[in-house]
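# Analysis of the macromolecular model
Here's the letter readout for the chains.
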Amino acid sequence: MKLNTLPNIAEADDFYADLIAAHEGLTKAESDAFNARLILLLANHIGDRTVLSEALSAAAK
Amino acid sequence: MSKVFEIPLYPYARHADQDAQAPVRHPIVIVGAGPVGLALAIDLVLRGQPVVVLDENDKVSRGSRAICFSKRTLEIFDRLGLGDGLVDKGVEWNLGKVYFDERQVFAFNLQPEAGHKRPAFINLQQYYLEQHLVDRCRVLESEGKPISLRGSNRVTTVRSDPDGVELEINTPEGPYHLQADYLIACDGAASPIRGMLGLDFLGRVFEDNFLIADVVMPDGKFPTERRFWFDPPFNRGQSALLHKQPDNVWRIDLQLGWNIDKAEESKPENVIPRVRAFLGKDTEFELEWVSIYTFQCRHMERFTHDRVIFAGDSAHQVSPFGARGANSGIQDAENLAWKLDLVLRGDAPTSLLASYDAERIAAADENIRHSTRATDFITPKSEISRLFRDAVLDLSEKWPATRPLVNSGRLSTPATYDASPLNGPNNAGMPPRTRPGSVAADVALSDGWLMDRLTGGFQLLTINVPAPDVVTVGNISVHRLALDRSDDLNGLLSARYLGSVGSGVYLIRPDQHIAARWTDYDEASVIKAVKGALGMPK
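These numbers come from a predicted model, not from an experiment.

### Re the packing of helix H1 (residues 35-46) of chain B against helix H8 (residues 326-345) of chain B
Residue and element names in this part refer to chain B. Contact geometry for H1 and H8: axes closest at 9 Å, N-to-C directions at 30°. In terms of their interaxial angle, H1 and H8 are classed as roughly parallel. Handedness of the crossing formed by H1 with H8: right-handed. Judged by residue contacts, Pro 35, Val 36, Ala 39, Leu 40, Asp 43 and Leu 44 of H1 engage Gly 329, Ile 330, Ala 333, Glu 334, Leu 336, Ala 337, Leu 340 and Asp 341 from H8. Split into classes, the residues belonging to the contact of H1 with H8 amount to 10 nonpolar, one polar and three charged.

Here's what the structure looks like:
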């Protein structure tokens with residue numbers, strides 16, 4: 001498995017707070033669009049098709 | 001002045017076959033004088049086969065239909081002797097622009113790679129292509145070549161068995177019968193031949209309608225670009241495409257959605273306001289041709305049925321985004337022509353024709369896959385699909401990262417027959433782009449273009465390596481095309497054919513596809529590969 005499924009984010013609580021804060025004041029539709037943009041940017045950053053495939057599988061479980 | 005599609009270019013003329021006591025048997029009868037049927041006829045006649053082409057009409061296609069012809073198609077037409085005329089008449093374009101809502105998202109350049117004789121694409125009305133093909137047939141006819149193009153000859157019944165085909169044909173002067181060793185059905189998406197044989201398609205109908213219009217703008221202010229709109233203000237919730245053709249004709253493609261009245265939407269009083277909203281209210285234009293089109297992504301389960309073989313739209317259909325219809329049909333024709341010729345001569349086993357199915361069905365699958373993905377991006381099928389589509393477009397305006405995901409049609413490239421039964425040995429250390437199954441890549445040589453040196457037979461391309469001038473396998477002579485460093489004008493011969501190795505031997509098929517490759521010449525191995533490429537048991 002190439003996907004890193006172990007903790008990898010420093011200051012994890014801060015990241016989580018940032019993620020929720022980014023959605024503050026957005027409607028449901030705006031939040032959904034925000035999430036889609038975020039997924040696409042992160043996916044491009046990862047790039048590695050094996051990692052992306054493994055992430056798609058892991059998220060489906 | 002009459003338009004070319006208003007002139008009967010192959011008017012009905014009585015043929016001696018119609019007065020024969022018993023039905024005359026021909027080796028090859030082609031039904032349909034469209035781009036695929038005519039390209040196939042010319043290829044076969046150049047190979048020495050007599051050909052009869054039947055068409056129920058006597059004029060080239062009304063309206064423009066296919067407009068975008070790929071580099072590969074132009075290379076095929078070069079071999080058939082009509083490439084220059086098409087390129088001179090056509091419009092070359094490289095720039096594409098993508099719009100979302102009211103904004104331009106980004107522009108892209110097709111950036112044709114250096115070292116190719118032909119551009120990535122030209123735009124040309126289908127009726128001009130057909131006119132050039134008919135002209136080429138006439139030249140061959142005047143040279144005494146056995147090509148018989150029969151207008152107003154409509155096939156009314158067809159009977160096929162393992163030994164041949166029987167046809168009944170209706171003409172303005174009544175019916176007559178013909179027999180054929182092989183019947184090639186190039187009679188379009190609605191193929192009457194397919195219907196007469198009770199054959200059908202696998203695949204899906206794409207549930208949408210498009211208004212396709214060709215408009216003449218005498219003072220056309222739009223540049224030579226491909227412009228594609230997602231969800232534009234003038235066609236809300238749908239897509240639009242604008243593309244230039246010769247003679248100040250522009251192709252307009254407006255998505256209409258599913259629940260429409262096609263007859264109503266085709267009326268000029270409904271079409272003109274849509275076009276005006278698109279082009280701007282002050283733009284003067286004249287409608288040349290309008291069609292409402294529901295396209296399909298599907299192909300026949302098999303293209304070969306006893307002695308009846310299907311090619312082009314009669315065998316497979318795709319959405320128009322990607323220019324994969326006519327271009328893939330022309331590639332069907334070139335794939336079939338040499339195989340049919342060798343089988344009829346007895347130089348190859350009948351089983352060679354099975355490779356037409358294997359190779360061109362794989363190509364159809366590839367085209368349909370690209371085409372289906374493009375239509376799914378253009379017309380998202382679910383709420384979440386639309387969400388991601390819009391997110392891709394929004395991001396692409398600002399970031400290059402997501403631009404490769406924007407899919408307004410992946411433009412036609414020739415299929416590589418990776419799984420072909422005809423493929424011989426590969427040397428994996430050589431460049432992937434010229435692996436067995438792929439089309440030979442063009443290269444500028446010190447005295448011309450490589451593709452112009454691949455003239456339609458089996459050839460052995462050798463680079464920096466000795467080999468005999470001719471290798472003979474049965475009735476097949478494989479002529480050597482000997483190149484070395486001094487021919488390599490700009491290093492591209494080495495880059496495309498050698499990579500990290502110092503020498504190369506390529507077995508090239510009559511359709512300019514690569515059958516096998518080695519770094520050195522070995523007679524036994526080459527003979528074995530030629531037999532393999534002829535469909536003989538390996």
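The structure having been displayed, the exposition proceeds.
### Examining the interface of chain B and chain A
It is common to give the size of an interface as the accessible area lost on bringing the parts into contact. Chain B puts 10 residues into the contact, and the matching count from chain A is eight residues. Of the roughly 770 Å² buried between chain B and chain A, counting both surfaces, carbon and sulfur atoms make up 86%. The largest share of the area that chain B buries against chain A comes from Leu 387, Phe 388 and Leu 395 of chain B, three residues that together contribute 53% of it. Between the two partners, chain B and chain A, sit zero salt bridges. Inspection of the chain B/chain A interface yields zero residue pairs in polar contact (both at pLDDT 80 or more). Among the residues forming the side of chain B that touches chain A, the class breakdown is eight nonpolar, one polar and one charged.

### With respect to the environment of Trp 93 of chain B
Residue and element names in this part refer to chain B. Residue placement: Trp 93 occurs in the loop between strand E4 (91-92) and strand E5 (95-100). What makes Trp 93 buried here is its relative accessible area of 2%. Considering only alpha carbons, one finds Trp 93 and Thr 224, 131 residues apart in sequence, at a separation of 6.1 Å. Non-local contacts of Trp 93, meaning those with residues more than four positions away in its chain, are made with Cys 68, Leu 110, Phe 121, Ile 122, Asn 123, Thr 224, Arg 226, His 243 and Leu 411. In this structure the side chain of Trp 93 is engaged in a polar contact, spanning 2.8 Å, whose partner is the side chain of Asn 123.

### Section: a negative patch on the surface
Together, Glu 11, Asp 13, Asp 14 and Asp 18 of chain A make up a negatively charged patch on the protein surface. Following the sequence through the fold, Glu 11 of chain A ends up in the segment before helix H1 (12-22).

### Looking at the pairing of strand E26 (residues 476-483) of chain B
The side chains of a regular strand alternate between the sheet's two faces. Residue and element names in this part refer to chain B. Here strand E24 (residues 459-463) pairs with E26 via five bridges, running parallel. From the neighbouring strand, Leu 460 faces E26, where its bridge partner is Arg 480. Strand direction decides the pairing type here: strand E25 (residues 470-473) and E26, joined by four bridges, are antiparallel. When the sheet's bridge partners are listed, Thr 472 is paired in E26 with Ser 477. Hairpin geometry of E25 and E26 is characterised by an intervening segment of two residues between the two adjacent antiparallel strands and by a positive phi of about 60° at Gly 474.

### Some remarks on the domain arrangement of chain B
Assigned domains within chain B: domain 1 (4-90 + 122-199 + 301-367), domain 2 (207-294) and domain 3 (432-533). Look at where the C-alpha atoms of domain 2 of chain B and domain 3 of chain B centre, and you get two points 46 Å apart.

### With respect to the sheet that holds strand E16 (residues 249-257) of chain B
Residue and element names in this part refer to chain B. Within the open sheet, the seven strands sit side by side as E6-E5-E14-E15-E16-E13-E17. Their pairing is mixed. Edge positions in the sheet fall to strand E6 (103-109) and strand E17 (286-293), since each has one partner strand and no second. Neighbour-to-neighbour, the strand axes of the sheet open up by a mean angle of 15°, direction not taken into account. Packing against the sheet, helix H10 (residues 383-398) makes contact with E5, E6 and strand E14 (226-230), and its axis sits at approximately 75° to E6.

### A closer look at helix H3 (residues 49-60) of chain A
The end-to-end C-alpha separation of H3 of chain A is 17 Å, in line with the 16 Å expected for 12 residues at 1.5 Å each. At the N-terminal end of H3 of chain A, a side-chain oxygen is found 2.8 Å from the backbone nitrogen of Thr 50 of chain A, two or three residues along, and the residue is Asp 48 of chain A.

Basis of the calculations
Residues numbered from 1 in each chain as written. Chains lettered and ligands numbered in written order. Predicted model: local features only at pLDDT ≥ 70, side-chain atom pairs only at ≥ 80, totals over all residues. Heavy atoms only, no water. Axes fitted to C-alpha atoms, helices over the stretch in contact; angles between N-to-C directions. Helix = DSSP H or I, 4+ residues; strand = E, 2+ residues; numbered from the N terminus. Parallel < 35°, antiparallel > 145°, perpendicular 65-115°, else oblique. Left-handed = near helix turned anticlockwise from the far one by under 90°. Contact = heavy atoms within 4.5 Å. Nonpolar A, V, L, I, M, F, W, Y, C, P; charged D, E, K, R; others polar. Buried area = accessible area lost by both parts, 1.4 Å probe. Salt bridge = Lys/Arg side-chain N within 4 Å of Asp/Glu carboxyl O. Polar contact = N/O pair within 3.5 Å; in protein donor to acceptor, adjacent residues only side chain to side chain. Buried < 20%, exposed > 50% of the residue type's maximum accessible area, 1.4 Å probe, protein only. Patch = residues over 30% accessible without salt bridge, like charges linked within 9 Å, V, L, I, M, F, W, Y side chains within 5 Å. Areas by Shrake-Rupley, 256 points an atom, 1.4 Å probe, with all protein chains shown as cover. Lys, Arg positive; Asp, Glu negative; His and termini not counted. Charge placed at Lys NZ, Arg CZ, Asp CG, Glu CD. Pairing = 2+ DSSP bridges. Domains from an automatic or database assignment. Expected span 1.5 Å × (residues − 1).

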